[in-house]
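Structural features, examined
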Amino acid sequence: MKQNKFMRFMTSRALILTLQVVASGVLLYFVYLTKLLPVKYFAILAAVLAVLVLLFWIIIQTGKKKIVEGKTSKRTIISKVLSLIVSIVLVIGSTFAARGNTFLNNVQTTTQKYAINVIVLKDGTASLDGLKGVNFGRSYEKEKATLNKALAQMEETIDTQKYTTYDTYSQLADALYNKEVDAIVVGTQYKSMLELNHEGFDEETRIVKTYEFDKKAKSVTTAVTDVTEKPFNVYVTGIDTYGSVSTVSRSDVNLIVTVNPKTKQILMTSIPRDCEIELHKNGKMDKLTHTGIYGVEETISTIEDFLDLDVNYYARTNFSGITNIIDALGGVTVDSDYEFTTRHGNYHIVKGENELDGDKGLCFVRERYNLPSGDYDRGRNQQKLLKAMLNKAMSPKIITNFQRILTAIEGCFETNMSSDEIKSLINMQLDDNAEWDVFNVQLDGKGYMTDQTYSMHGTSIYVMKPYASYVKKITKLIDRVEDGDKITENDV
């Protein structure tokens, strides 16, 4: 009888201890794979796991002696339960590490997506089949090849259609509203031209079908040799679309983030979307937001020319990304300088602290018409929201929402910074736990109306001519951060 009891004890303890050893090994493997933990912390983790295994092994030996003597040890029973709990925790930790590693490997991209939409008025048909035999509007104002690919795919579904071709995208939108055509086919990136005479275009129309075409982005950035040693510039952009973040569209948010890992200083430079700027590709004057129409590489090259700097990396998100991330964080708190009502969503923002969910946060940073300084204030609000999101993301509560946050970010955030570079930055921060000085500066200028922009030539639109003194000062500040010359709040 004692012999059987002894064998059952040894078998159950051996299985539980083996599970703990395996779980410890799996966790160490995935943590090593992520390359996030500094060597000293990895060594500490390995030592702690080894001590736990040794501790439970010692308890086994004690329990074995008790069984031989025909006694039952409460400590042995407790040790079994604790060992099992430790194993479960280690397995959960392994899934977190594996999930994080997969995310960091997938967030890198160099692909751009060109989206062509079939659009009808809000009260129009909701299906492509409902458009058989109607009159379609199209325009070849800026491009032809991608549009024709979409039209060919559309005709595979609803056969050959009738088309009316218009010279400009604004005329195309007018034709839809005037019911000269029943639907229009146009690229997402030209939405600003469609909105020219129809400010509520998004709310007053519906997209029936979208055709997407991938194209590899031309590389115009040069990575630094070591992001933990060398200063670098990141272009952060928010595009004005929902869905895929790879979609080519206008650049509504434009930030240059200058990072010096040695001095632990970050300078965030906000450039308003309406800033008057010379396009890199032809030297023609346009609004900064319109550079996104020609791909992220055009925006980067144009900003490099404008501020006389090298952009080393870029990161981008879109409307879906902002909404999803804020909701995954459980909302954020933002301190507004003004009381206003958002044009999109009709949300009331009070002066002072505001609790924002995803949609309210998006509407908060999109607003400019109801703010005293328009796009300038919007740029400040964008920086406020970014800080609020970072503060929430760095709080201990992020652990409980880890999976949700990664799921929310995936597909809504992209960068051309490699996963190894991202991991090395995280590793550096965990190793030295340093505090960073973060400074904000925003370009300002004088607004005026012009019909001489390249993208909307002949149409009078608002642009902001930047003050030369601001451009000069910002350029010097960026140079100082890159050179390791510490700046202060007085400098910005």
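Relevant structure appears above.
Attention now goes to the overall build of the chain. The helix and strand tally for the chain stands at 15 helices and 19 strands. Looking at the chain residue by residue over its 492 residues, the buried ones come to 51%. Of the contacts made within the chain by residues no fewer than 6 positions apart, 71% connect residues no fewer than 24 positions apart. Of the accessible surface of the chain, which amounts to about 23700 Å², a share of 56% is contributed by carbon and sulfur atoms.

A word on the nonpolar core. Counting 39 residues, the largest nonpolar core has F232, V332 and L385 as its most contacted members. Per element, the largest residue contribution to this core is 5 residues, and it comes from helix α10 (residues 319–328). Contact partners of F232, with chain neighbours within four places excluded, come to V224, V227, V257, T258, V259, N312, Y313, M417 and L425. Among the nonpolar cores identified, the runner-up in size contains 25 residues, and C275, L288, I303 and L307 belong to it.

Relative orientation of the contacting elements α10 and helix α11 (residues 358–366) amounts to 130°, with a least axis distance of 7 Å. Judged by the angle between their axes, α10 and α11 are oblique. Considering the relative orientation of α10 and α11, their crossing is right-handed. Residues F319, I322, T323, I326 and D327 of α10 form the contact with α11, whose participating residues are G358, D359, G361, L362 and R366. Classifying every residue of the contact of α10 with α11 by side-chain character gives 4 nonpolar, 3 polar and 3 charged.

This part covers the environment of V21. Structurally, V21 can be placed in helix α1 (residues 2–34). Taking the C-alpha atoms as reference points, V21 and P231, separated by 210 residues in sequence, lie 42 Å from one another.

Judged by pairing direction, the sheet is mixed, and its 5 strands sit side by side in the order β3-β2-β4-β1-β5 without closing on themselves. Strand pairing shows two members of the sheet lacking a second neighbour, β3 (162–166) and β5 (205–216), which therefore form its edges. Mean inter-strand twist for the sheet, computed between neighbouring axes without regard to direction, equals 25°. Where strand β2 (residues 135–139) lies against β3, 5 bridges are found, and the strand directions are parallel. What sits directly across from S139, in β3, is Y166. Packed on one face of the sheet, helix α4 (residues 145–158) meets β1 (111–121), β2, β3, β4 (183–187) and β5 and runs near 125° to β5. Across the sheet, helix α5 (residues 169–177) lies against β1, β2, β3, β4 and β5, angled at about 155° from β4, the strand it touches most.

Moving on: the packing of α11 against helix α12 (residues 375–393). At their nearest, the axes of α11 and α12 sit 8 Å apart, and the two run at 145° to each other. On α12, the residues touching G361, F364, V365 and R366 of α11 are R378, N381, Q382 and L385. Of the residues assigned to the contact of α11 with α12, the class counts are 3 nonpolar, 3 polar and 2 charged.

Definitions and limits used
Residues numbered from 1 in each chain as written. Predicted model: local features only at pLDDT ≥ 70, side-chain atom pairs only at ≥ 80, totals over all residues. Heavy atoms only, no water. Helix = DSSP H or I, 4+ residues; strand = E, 2+ residues; numbered from the N terminus. Buried < 20%, exposed > 50% of the residue type's maximum accessible area, 1.4 Å probe, protein only. Contact = heavy atoms within 4.5 Å. Areas by Shrake-Rupley, 256 points an atom, 1.4 Å probe, with all protein chains shown as cover. Core = buried A, V, L, I, M, F, W, Y, C linked by side-chain atoms within 4.5 Å. Axes fitted to C-alpha atoms, helices over the stretch in contact; angles between N-to-C directions. Parallel < 35°, antiparallel > 145°, perpendicular 65-115°, else oblique. Left-handed = near helix turned anticlockwise from the far one by under 90°. Nonpolar A, V, L, I, M, F, W, Y, C, P; charged D, E, K, R; others polar. Pairing = 2+ DSSP bridges.

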